[in-house]
Amino acid sequence: MATPTPPAETVTALARRYRLELDTGKDGPPTWAVIPGITEFTPKIEPTQQDVTTYDAEGWSEQAVTMLAWSVEVTLAHRAHPTTGRFNAAQEALRRASMSFGAASYVRVRYYDRNGAPDAQEGTALVTWEPEGGGPDEIDTIKVTLTGSGPLVEIPNPVGDAPPVNKKEA
């Protein structure tokens, strides 16, 4: 019996490969701004499954996916300008959207592999902004949840086949 050829992919991807951007444009083509200070990034796609079992299944359960829901959970180090003390504009836009109603409560976001891998998505989401608090020796961190409203669409990676950010990660 022949031994299977081992896969060529032997380098483990790092979680920090993702970049998250916010469309800050009002109308017309998107104006993408990097959301800085991400310390944790968790994209999720959750299927709704329904039982479609019939007598033909001979006692085995059958399922069908009837809906998909997406979200992105991030933890942010709250960024401020070193001189003015003003908070980062992209982070502030998320905070403002979290306290709004109607059209102002939605944001357009995209995330992608900053090393250029074909892993890039874009969609519209509602924002939950939750300061995590802490003691006097801790940094100001925010848990942000982007809950998708409508489809999460695969897009071409904006950095394409860019070289790795850190050659050691290649």
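Residues numbered from 1 in each chain as written. Predicted model: local features only at pLDDT ≥ 70, side-chain atom pairs only at ≥ 80, totals over all residues. Heavy atoms only, no water.

- An unreviewed UniProt entry lists the protein under the name Phage tail protein, with Streptomyces yunnanensis as the source organism.

**What to know about the packing of aromatic side chains**
Item 1. A full pass over the atoms with the stated rule returns three aromatic pairs.
Item 2. Ring geometry for Tyr18 versus Phe41: centroids 4.8 Å apart, planes at 25 degrees, classification stacked. You can see Tyr18 sitting in strand β1 (residues 18-23) and its partner Phe41 sitting in strand β3 (residues 38-51), a full 23 residues away along the chain.
Item 3. For Phe41, a relative accessible area of 15% translates into the label buried.
Item 4. Between Phe41 and Tyr111, the ring centres sit 5.4 Å apart and the planes meet at 65 degrees, which makes this aromatic pair edge-to-face. Of this pair, Phe41 sits in strand β3 while Tyr111 is found in strand β5 (residues 106-113), placing the two residues 70 residues apart along the sequence. Tyr111 carries the same exposure label as Phe41, and that label is buried.
Item 5. A connected cluster of aromatic rings, assembled from ring pairs, spans Tyr18, Phe41 and Tyr111. (Phe/Tyr/Trp six-rings, centres within 6.5 Å; stacked < 30°, edge-to-face > 60°. Helix = DSSP H or I, 4+ residues; strand = E, 2+ residues; numbered from the N terminus. Buried < 20%, exposed > 50% of the residue type's maximum accessible area, 1.4 Å probe, protein only.)

**Observations concerning the pairing of β5**
Item 1. β5 sits mainly inside the fold: six of its eight residues count as buried.
Item 2. Relative to β5, β1 runs antiparallel, the two sharing five bridges. Looking at β5, one finds that Leu20 is bridged to Tyr111.
Item 3. The pairing of β5 with strand β6 (residues 120-131) spans seven bridges and is classified as antiparallel. Among the inter-strand pairings, Arg108 is bridged to a residue of β6, identified as Thr124.
Item 4. The turn linking β5 back onto β6 is made up of six residues, and Gly116 within it adopts a positive phi angle of 100 degrees. (Pairing = 2+ DSSP bridges.)

**As for helix α1 (residues 89-98)**
Item 1. Taken together, the buried positions of α1 are occupied by Ala90, Gln91, Glu92, Ala93, Leu94 and Ala97.
Item 2. Against the buried residues of α1 lie β1, β2 (32-34), β4 (63-77), β5, β6 and β7 (141-148).
Item 3. One side-chain oxygen at the N-terminal end of α1 lies 2.9 Å from the backbone nitrogen of Ala90; it belongs to Asn88. (Contact = heavy atoms within 4.5 Å. Polar contact = N/O pair within 3.5 Å; in protein donor to acceptor, adjacent residues only side chain to side chain.)

**Concerning the nonpolar core**
Item 1. Counting 23 residues, the largest nonpolar core has Leu20, Leu22, Leu94, Val107, Val144 and Leu146 as the members making the most contacts within it.
Item 2. For this core, the secondary structure elements donating two or more residues are β1, β4, α1, β5, β6 and β7.
Item 3. Each residue touching Val144, except ones within four places of it in the same chain, is listed here: Val72, Glu73, Val74, Leu76, Leu94, Val127, Thr128 and Trp129. (Core = buried A, V, L, I, M, F, W, Y, C linked by side-chain atoms within 4.5 Å.)

**Things to note about unusual backbone geometry**
Item 1. At Glu58, a residue that is not glycine, the phi angle is positive and equals roughly 55 degrees.
Item 2. Turning to its location among the elements, Glu58 is positioned in the loop between β3 and β4.
Item 3. For Glu58, a relative accessible area of 70% gives the class exposed.

**Here's the deal with the pattern of salt bridges**
Item 1. Per the counting criterion, the structure on display carries six salt bridges.
Item 2. Close ionic contact of Arg17 with Asp113 constitutes a salt bridge, the shortest N to O distance being 2.6 Å. With a gap of 96 residues between them, Arg17 in the segment before β1 and Asp113 in strand β5 connect regions that are remote in the sequence.
Item 3. Where Arg108 meets Glu122, a salt bridge forms, and the shortest distance between an N and an O atom there is 3.1 Å. Placement of Arg108 in strand β5 and of Glu122 in strand β6 is noted, with a sequence separation of 14 residues between them.
Item 4. With relative accessibility at 30%, the residue Arg108 sits in the partly exposed group. (Salt bridge = Lys/Arg side-chain N within 4 Å of Asp/Glu carboxyl O.)

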